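Per-entry structural report
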Amino acid sequence: MKRIVQLAGILMLVMMGSFVSAKDPVTIAIPVKGHARIQFGADKLAAALKKAGYPVRIVKQSSIKRGKQVIVAGLWQDALVKSQSVTGRDTSLGKEGFFISGGSSTGTQSLVVVAEAPSGVLYGLLELADQVAATGVLPATIQQKDKPQMVLRGACVGVQKPYYLPGRTVYEYPYTPETFPWFYNKQLWLNYLDSLVANRMNSLYLWNGHPFASLVKLKDYPYAVEVDEATFKKNEEIYRFLTTEADKRGIWVIQMFYNIIVSKPFAEKHQIKTQDRERPIIPLIADYTRKSIAAFVAKYPNVGLMVALGEAMEGVGNDDIEWFTKTIIPGVKDGLRLLGKTEEPPIVLRAHDTDAPEVMKASTPLYKNLYTEAKYNGEALTTYTPRGPWAELHRTLAKAAPVQIENVHILANLEPFRYGSADFIQKSVQAMHTVHNGNALHLYPEASYWDWPYAADSATPRLMQIERDWIWYKAWSRYAWNCDRDRVQEVAYWGGLLASKFGTGQAAGKSVLDAYEASGEIAPKLLRRFGITDGNRQTLTLGMFMNQLINPYRFGLFTLLYNSEGPEGEMLIEYAEKDWKGQSHTGETPVQIMQEVVAHGEAAVAAIEKAAGSVTREKDEFNRLKNDMYCYRALAHCFAEKAQASLWVLRYKYSRKVSDLDSALPYLQKSVDWYSKLTDLTKGTYRYANSMQTAQRKIPIGGNDGKNKTWAELLPHYQQELATFRHNIDSLKQPASANAAPATRALLQPAAVTITSAFEGNYNMAVGQMMFTDTMAVIKNYAPELTSLNALRFTKAKQIAEGTTIQFTTQEPVELLVGFFNKKVPGVLHEPELETNASANDYGQAEVKVANGIVVTGFPAVNIHSYGFKAGTHTLTLARGAVMVLGFVKAGQMQKPYDAGLVPGVTKLELDWLFE
């Protein structure tokens, strides 16, 4: 019997083979001198046909007879295409659009794939290959034309690391095999480029601080090269390989760089820093940078440049305009002259920490082919209803440039869990068009950007980002091509893809999509309603502390998150005040979001469980996805319970009833319980929550030296927060402490330092004191603990024109206290802001140490930051703008940040102490 079954199986295979081989041979004809993209597309179509059982040959000819199984591919002007007498040319399809006509059912009519440019032919051939792969046969007849809506559709690879290299600082990563072994892996690049072209992406951004010293040599600065000769040759080889292979696939490689950064050998030769945000433009650095750009353009003429003027360079004043117009653009033009070219390649101006509209006004008379780029939702994904001043900036840039690129950046609120909400992504791309007026996409990895090419999962071998997050790339690129696809049809499309991936029926595939889309609402809603920032200094999935929820301004609240990156609504502190005063609420409220994210979490778990029983393929990956749904549910419950606890605590601010704090306690307990579940779900499944593991991470807690990157590390902090709160409630209930408040703070002790730079004398902290020599503004009120400070007086006009420099020598560790006016008004220096300045915490200065600590006539309230220094001689340069230099104190006195509350007309009851 067994033998009979075996024979039957063999017979079946023979019959199947006979059936497949019975398909008529197919000839793919392409022009004799056709572009490499046409050859690549023909190869992909041939592979799909062979897999479907067709014998295939590719021929290069100037003409060919019409035939039932002949596919002709080329440009409208090619003799080969003209030999087919094809009609229906539509020039509006542009360089990437295509036209497919004909089919096997016509008997003598060839199937023709034709376009205005090689990329269009490539995409037409890929479309035909997709149809063959989906159906197993060539189309009987076809009349199809299509073109992308977005001009550029690109992804990004960070040639960077989660940590700083020894002796270096942020963004400084030379291209070496030791630091980036994957960079030299040709097969990895081919896999990645194939995934891009399969998704119809046409650009690839490489991010690095100063790539030139790894890729070019300069006659005038031979010592500036950062790599040895063998590595330099490897870099040349892999860069040429990458750009050549990318071009075959219609992909434009764009090298991004920051300004102003110089190579480490160059800096050491000239005894300067590699980067110094407050350093003025000097001729030596300008000449080095201009010649670096010229050499790069001449050596790699097909590689684009994206220029980040801000972050490593002061964004105040006209330095960014001067640098762009007198160094960057001339450098590109010098490179073109070396090539003997006059046609200007695009330069992409990144609108980050710079006044991009003003830069464009100054630059377009000098260089016409400028593109602009700006972050869609900051360094996160928060909404498909963008609005406010950030949306207005995008619209302004769209008017100034022919291509405005929408950058989906970092995704600090999504990592590390999987994200695949096709609905959210489609609506976001629609908003890029209709609200921002953008016409290009620049997509970051969904998670683990700094750890490319690996994902954060604990799987062995390590998962690759492009494989784990396939749906992320596929969804964004699909809607970058066409965001107006019918929603009903899209549900069927994604359901079918997921069913195929996991070996289920269509209904189960739809359930997986439901899980993706339910979970996909959680992180965006949480961040836009409860977060501190849209930047990567906050890792949302690690949670937040109570003080960050009830006193967000203390932690450097980034206001664009609330006025631009979500629907109109209320923060927790606003909701609590309105609720107490009996006022009506506006827009999206915290309570609404608390309820919605919990519902989303439960729906995601229910949907993934509904599909689980029918999974027959990729079971390990499905189980990882299922675990992510449980993680999202735990995260949603944790935030919702903590937000409810926060509302009760904020109510106590007005009621002064300890019973309100009692009401908060069980919610905080449940929040910790859910966080404990989240910790269990991530043990053994994730290596880390965030891939940026440096001191730039601040929320919920500092990430110095790669610490505090797992939920297991954070859980004890949240448990301690709960215990402290419980203890302080008990203390308030003691008769002697019924109206207790934090103890009076000790006076800050000044430190003895020798100041060698110029200033206009000292002053003591007292009402009526003037802090500037050229204004009548005086101190109106101040926190008592500042009384002993020996402040430094400056001239406001000089601070605005030149910045502020303090050079000093100290025999012991000290902290310099600097008072920043806490509203962004003209003429004042803005507080350190990691969203726009990666060096904003180099001295530990990013966090407000005393909020609302001083009141000055005619100015906003003052927030006090501290800059830490070891014993020795130091120079601190502050950027241009008015600022208070409050003097030096002995190190270690500014441990716990707090809000002094000196804001007239605001109800003040310090609550932070309840949790610290």
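Residues numbered from 1 in each chain as written. Predicted model: local features only at pLDDT ≥ 70, side-chain atom pairs only at ≥ 80, totals over all residues. Heavy atoms only, no water.

1. Re the overall build of the chain
What the chain contains, in helices and strands, is 26 helices and 25 strands. For 916 residues, the compact-globule estimate of 2.2 N^0.38 gives 29 Å, and the chain sits close to it at 31 Å. Along the first, second and third principal axes, the C-alpha set of the chain runs to 95 × 70 × 50 Å. Burial statistics for the chain: of 916 residues in total, 60% are counted as buried. When contacts within the chain are restricted to residue pairs at least 6 apart in sequence, those whose partners lie at least 24 apart make up 75%. As displayed, the chain has an accessible area near 35000 Å², and 53% of this comes from carbon and sulfur atoms. (Helix = DSSP H or I, 4+ residues; strand = E, 2+ residues; numbered from the N terminus. Rg over C-alpha atoms; globule rule 2.2 N^0.38 Å. Buried < 20%, exposed > 50% of the residue type's maximum accessible area, 1.4 Å probe, protein only. Contact = heavy atoms within 4.5 Å. Areas by Shrake-Rupley, 256 points an atom, 1.4 Å probe, with all protein chains shown as cover.)

2. Quick look at the sheet that holds strand S4 (residues 98-102)
Spatially, S2-S1-S3-S5-S4-S6 is the arrangement adopted by the 6 strands of the open sheet, whose pairing is mixed. At either margin of the open sheet sits one strand with a lone partner, and together these are strand S2 (56-60) and strand S6 (142-146). Along the sheet, successive strands turn relative to each other by an average axial angle of 15°, direction set aside. As defined by bridge partners, strand S3 (residues 70-75) adjoins strand S5 (residues 111-115) across 5 bridges and the pair is classed as parallel. Following the sheet pairing, Val72 is matched in S5 by Val112. (Pairing = 2+ DSSP bridges. Axes fitted to C-alpha atoms, helices over the stretch in contact; angles between N-to-C directions.)

3. A look at the packing of aromatic side chains
This model, assessed by the stated rule, comprises 48 aromatic pairs. Geometrically, the ring pair formed by Trp472 and Trp476 is edge-to-face, given 5.6 Å between the ring centres and 65° between the ring planes. Residue Trp472 and its partner Trp476 are both found in helix H15 (residues 470-481); the two are separated by 4 residues, about one turn of the helix. With respect to class, Trp472 is no different from Trp476; both count as buried. Taken together, the ring pairs in this structure connect Tyr173, Tyr175, Phe180, Trp182, Phe183, Tyr184, Trp189, Tyr192 and Trp452 into an aromatic cluster. Across from the ring centre of Phe232, 4.6 Å away, lies the NZ or CZ of Lys217, which sits over that ring. If you follow Lys269 out to its NZ or CZ, it ends over the ring of Tyr223, 5.2 Å from the centre. (Phe/Tyr/Trp six-rings, centres within 6.5 Å; stacked < 30°, edge-to-face > 60°. Lys NZ or Arg CZ within 6 Å of the ring centre and 35° of its normal.)

4. Some words on the side chain of Glu517
By the element assignment, Glu517 lies in helix H17 (residues 506-519). Residues within four places of Glu517 in sequence aside, it is in contact with Ser421, Ala422, Asp423 and Arg487.

5. Some points on the pattern of salt bridges
Enumeration over the complete set of coordinates arrives at 55 salt bridges. Close ionic contact of Glu916 with Arg554 constitutes a salt bridge, the shortest N to O distance being 2.7 Å. Taken together, the residues span a long stretch of sequence, with Glu916 in the segment after strand S25 (898-899) and Arg554 in the loop between helix H19 (546-550) and helix H20 (560-563) at a distance of 362 residues. Here Arg554 falls in the buried class, since its relative accessible area comes to 4%. (Salt bridge = Lys/Arg side-chain N within 4 Å of Asp/Glu carboxyl O.)

6. What to know about the packing of helix H10 (residues 319-339) against helix H11 (residues 356-363)
Here H10 crosses H11 at 45°, and the two axes come no closer than 9 Å. Taken together, the axes of H10 and H11 lie oblique to each other. The handedness of the crossing between H10 and H11 is right-handed. Across the interface between the two elements, Asp320, Ile321, Phe324, Thr325 and Ile329 of H10 pack against Glu358, Val359, Ala362 and Ser363 of H11. (Parallel < 35°, antiparallel > 145°, perpendicular 65-115°, else oblique. Left-handed = near helix turned anticlockwise from the far one by under 90°.)

7. Some details on the sheet that holds strand S11 (residues 347-350)
If you trace the 8 strands once around the closed barrel, you get S7-S8-S9-S10-S11-S12-S13-S14, paired in parallel fashion. Here the average twist between neighbouring strands, direction ignored, is 25°. Summarising the sheet, strand S9 (residues 252-259) and strand S10 (residues 304-311) pair through 6 bridges and their orientation is parallel. Across the sheet, residue Met256 finds its bridge partner in S10, namely Met306.

8. Quick look at empty space enclosed by the protein
Applying the stated criterion across every chain yields a total of 11 cavities of 30 Å³ or more. Its volume calculated, the largest cavity comes out at about 150 Å³. What lines the largest cavity is a set of 20 residues, and nearest its centre among them are Tyr171, Glu311, Glu379, Trp450 and Asn536. When its residues are assigned to classes, the lining of the largest cavity shows 9 nonpolar, 5 polar and 6 charged. (1 Å grid on protein atoms, 1.4 Å probe; cavity = no way out; pocket = protein on both sides within 12 Å on 5 of 7 lines; lining within 4 Å. Points joined across faces, edges and corners; volume = space filled by probe spheres on them. Nonpolar A, V, L, I, M, F, W, Y, C, P; charged D, E, K, R; others polar.)

9. Details of unusual backbone geometry
Geometrically, the link from Asn259 to Ile260 is a cis peptide bond, its omega value of 0° lying close to zero. Structurally, Ile260 is set in the loop between S9 and helix H8 (264-270). That bond from Trp452 to Pro453 is cis: its omega, 5°, falls within 30 degrees of zero. Within the secondary structure, Pro453 is located in the loop between strand S14 (440-443) and helix H14 (465-468). The backbone of Ser85 shows a phi angle near 50°, a positive value even though the residue is not glycine. Mapped onto the elements, Ser85 comes out in the loop between helix H3 (79-82) and S4. The phi dihedral of Asn852 is positive, around 50°, even though this residue is not glycine.

10. Side note on the pairing of S4
For S4, a buried count of 5 out of 5 residues is recorded, marking the element as mostly surrounded by other parts of the structure. In this structure, S4 lies alongside S6, joined through 5 bridges in antiparallel fashion. Following the sheet pairing, Phe98 is matched in S6 by Asp146. Bridge count between S4 and S5: 3 bridges; the pairing is antiparallel. Paired with Ser101 across the two strands is Val112, which belongs to S5.

11. Points about the environment of Asn764
Among the secondary structure elements, Asn764 is positioned in strand S16 (residues 762-764). A relative accessible area of 48% places Asn764 in the partly exposed class. For the pair Asn764 and Asn790, spaced 26 residues apart in the sequence, the C-alpha separation amounts to 5.4 Å. When sequence neighbours within four positions are dropped, the list of residues in contact with Asn764 reads Gln769, Leu789 and Asn790.

12. Here we look at the packing of helix H13 (residues 422-434) against H15
Two numbers describe how H13 lies on H15: the axes approach to 9 Å, and their chain directions differ by 35°. As for the relative orientation of H13 and H15, their crossing is right-handed in sense. Contacts between H13 and H15 pair Ala422, Ile425, Gln426, Ser428, Val429 and Met432 from the former with Trp472, Ala475, Trp476, Tyr479 and Ala480 from the latter.

13. A few points about the confidence of the model for the chain
This prediction gives the chain a mean pLDDT of 93; 95% of its residues lie at or above 70. For residues 1-21, every residue scores under 50 in pLDDT, and the model assigns this stretch 2 contacts once sequence neighbours within four places are set aside. (pLDDT = per-residue confidence, 0-100.)

14. Some details on the side chain of Asn708
Relative to the elements of secondary structure, Asn708 occurs in the loop between helix H24 (658-682) and helix H25 (711-732). Judged by its relative accessible area of 15%, Asn708 is buried. Once residues within four sequence positions are removed from consideration, Asn708 is found in contact with Leu542, Arg697, Ile701, Gly702, Glu713, Leu714 and His717.

15. Quick notes on H25
For H25, spanning 22 residues, the distance from its first C-alpha to its last is 31 Å, which sits close to the expected 32 Å at 1.5 Å a residue. Looking at H25, one finds that the buried residues are Trp711, Leu714, Leu715, Tyr718, Glu721, Leu722, Thr724, Phe725, Asn728, Ile729 and Leu732. Tucked into the core, H25 has its buried residues touching H19, helix H23 (619-655) and H24. (Expected span 1.5 Å × (residues − 1).)

16. Side note on the nonpolar core
Membership of the largest hydrophobic core comes to 212 residues, with the highest contact counts inside it found for Trp189, Leu204, Phe324, Trp472, Trp476, Val649 and Phe725. The leading source of residues in this core is H23, at 17 residues. Look past the residues within four positions of Trp476 in its chain and what remains in contact with it is Leu381, Val408, Ile425, Ser428, Val429, Met432, Leu441 and Leu443. Listed in part, the 33 residues of the second largest apolar core include Val56, Leu111, Leu125 and Ala129. (Core = buried A, V, L, I, M, F, W, Y, C linked by side-chain atoms within 4.5 Å.)

17. Here we look at the pairing of strand S7 (residues 152-158)
Within S7, 7 of the 7 residues are buried, which leaves it mostly tucked inside the rest of the structure. A two-sided burial pattern is seen for S7, the buried positions comprising Leu152, Gly154, Cys156 and Gly158 on one face and Arg153, Ala155 and Val157 on the other. The pairing of S7 with S14 spans 4 bridges and is parallel. When the sheet's bridge partners are listed, Ala155 is paired in S14 with Leu443.

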